[in-house]
Amino acid sequence: AQSVTQLGSHVSVSEGALVLLRCNYSSSVPPYLFWYVQYPNQGLQLLLKYTTGATLVKGINGFEAEFKKSETSFHLTKPSAHMSDAAEYFCAVTQRVDMRFGAGTRLTVKP
Amino acid sequence: GAGVSQSPRYKVAKRGQDVALRCDPISGHVSLFWYQQALGQGPEFLTYFQNEAQLDKSGLPSDRFFAERPEGSVSTLKIQRTQQEDSAVYLCASSYGQASAYEQYFGPGTRLTVT
């Protein structure tokens with residue numbers, strides 16, 4: 001069975017500071033991993049995904065994530081937070097079609 | 001349309017009523033997914049269609065939930081005899097391909113409140 005754990009339901013950073021959102025997964029076979037962002041009253045938007053190949057994945061809005069098999073992690077980072085990054089972030093894993101999401105991390109950006 | 005659309009955006013139902021939620025996927029997308037997102041939680045997988053075939057319905061919480069996609073485009077999620085625990089946002093997503101590596105494009109969701 002596959003599952004996702006997001007450490008920290010709330011993360012607060014200052015504008016311009018590093019953003020680090022943690023995601024650990026469990027999967028019996030090599031997974032496909034995703035990060036989605038959700039703004040209030042909107043659907044989810046894909047930030048980036050890992051399927052195969054390079055383990056450092058770059059996404060939209062300056063975000064990137066690194067797949068670390070030995071640590072079963074797929075943490076999301078951004079070097080410098082912007083006010084517009086304030087949103088809910090979801091890590092997800094899939095092996096077949098039923099995508100499993102974490103509980104989400106709400107990112108707050110302080111001016 | 002450019003994206004996935006869902007209607008209605010908001011639905012209030014009295015306990016015991018039946019509801020029908022509609023999803024219009026992106027034109028040409030083969031795969032369609034339904035998710036249930038409870039307040040403060042991540043989306044939970046409900047069911048998956050490949051064209052008109054419902055290939056996975058393992059996430060449907062009870063036999064009160066029924067989904068269809070008769071012509072391989074628009075899909076409807078029906079909930080019979082709604083209960084308070086059905087209150088959630090129901091998200092629809094579509095993707096171009098059949099493999100799980102393809103990006104899923106999400107609609108804005110239907111917020112269902114059962115009173």
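This text goes with the structure placed above it.
Here we summarise the structure given alongside this text. (Residues numbered from 1 in each chain as written. Chains lettered and ligands numbered in written order. Predicted model: local features only at pLDDT ≥ 70, side-chain atom pairs only at ≥ 80, totals over all residues. Heavy atoms only, no water.)

1. A short note on the overall build of chain B
Thought 1: Counting its regular elements, chain B contains 0 helices and 11 strands.
Thought 2: N-terminal to C-terminal, the α/β element order of chain B is β-β-β-β-β-β-β-β-β-β-β.
Thought 3: The globule rule puts the C-alpha radius of gyration for 115 residues at 13 Å, and the 13 Å found for chain B is close to it.
Thought 4: Projected onto its principal axes, the C-alpha positions of chain B cover 40 × 25 × 25 Å.
Thought 5: For chain B, the share of sequence-separated contacts (at least 6 apart) that also reach a separation of at least 24 residues comes to 53%.
Thought 6: Surface accessibility of chain B: about 5600 Å² in total, with carbon and sulfur atoms responsible for 47%. (Helix = DSSP H or I, 4+ residues; strand = E, 2+ residues; numbered from the N terminus. Rg over C-alpha atoms; globule rule 2.2 N^0.38 Å. Contact = heavy atoms within 4.5 Å. Areas by Shrake-Rupley, 256 points an atom, 1.4 Å probe, with all protein chains shown as cover.)

2. Describing the interface of chain B and chain A
The extent of an interface is frequently quoted as the accessible surface area lost upon association of the parts.
Thought 1: On the chain A side, the residues contacting the 22 residues of chain B number 21 residues.
Thought 2: Here chain B meets chain A over a buried area of about 1700 Å², counting both sides, of which 53% is carbon and sulfur.
Thought 3: Taken together, chain B and chain A are joined by 0 salt bridges.
Thought 4: Counting every contact that joins chain B to chain A gives 2 residue pairs in polar contact (both at pLDDT 80 or more).
Thought 5: Secondary structure elements with two or more residues in the side of chain B that touches chain A: strand 4 (31–37) and strand 5 (44–50) of chain B.
Thought 6: Here the element with the most residues in the side of chain B that touches chain A is strand 4 of chain B; it accounts for 3 residues. (Buried area = accessible area lost by both parts, 1.4 Å probe. Salt bridge = Lys/Arg side-chain N within 4 Å of Asp/Glu carboxyl O. Polar contact = N/O pair within 3.5 Å; in protein donor to acceptor, adjacent residues only side chain to side chain.)

3. A word on the packing of aromatic side chains
Thought 1: Tallying each qualifying case throughout the model produces 14 aromatic pairs over all chains.
Thought 2: Between Phe 101 of chain A and Tyr 35 of chain B, the aromatic rings sit 5.6 Å apart at their centres with planes inclined by 90 degrees, giving edge-to-face as the arrangement. Linking Phe 101 of chain A in strand 10 (residues 100–101) with Tyr 35 of chain B in strand 4, this pair reaches from one chain into another. The same class applies to Phe 101 of chain A and to Tyr 35 of chain B, which are both buried.
Thought 3: Members of the aromatic cluster, joined through ring pairs, are Phe 34, Tyr 36, Phe 90 and Phe 101 of chain A together with Phe 33, Tyr 35, Phe 45, Tyr 48 and Phe 106 of chain B. (Phe/Tyr/Trp six-rings, centres within 6.5 Å; stacked < 30°, edge-to-face > 60°. Buried < 20%, exposed > 50% of the residue type's maximum accessible area, 1.4 Å probe, protein only.)

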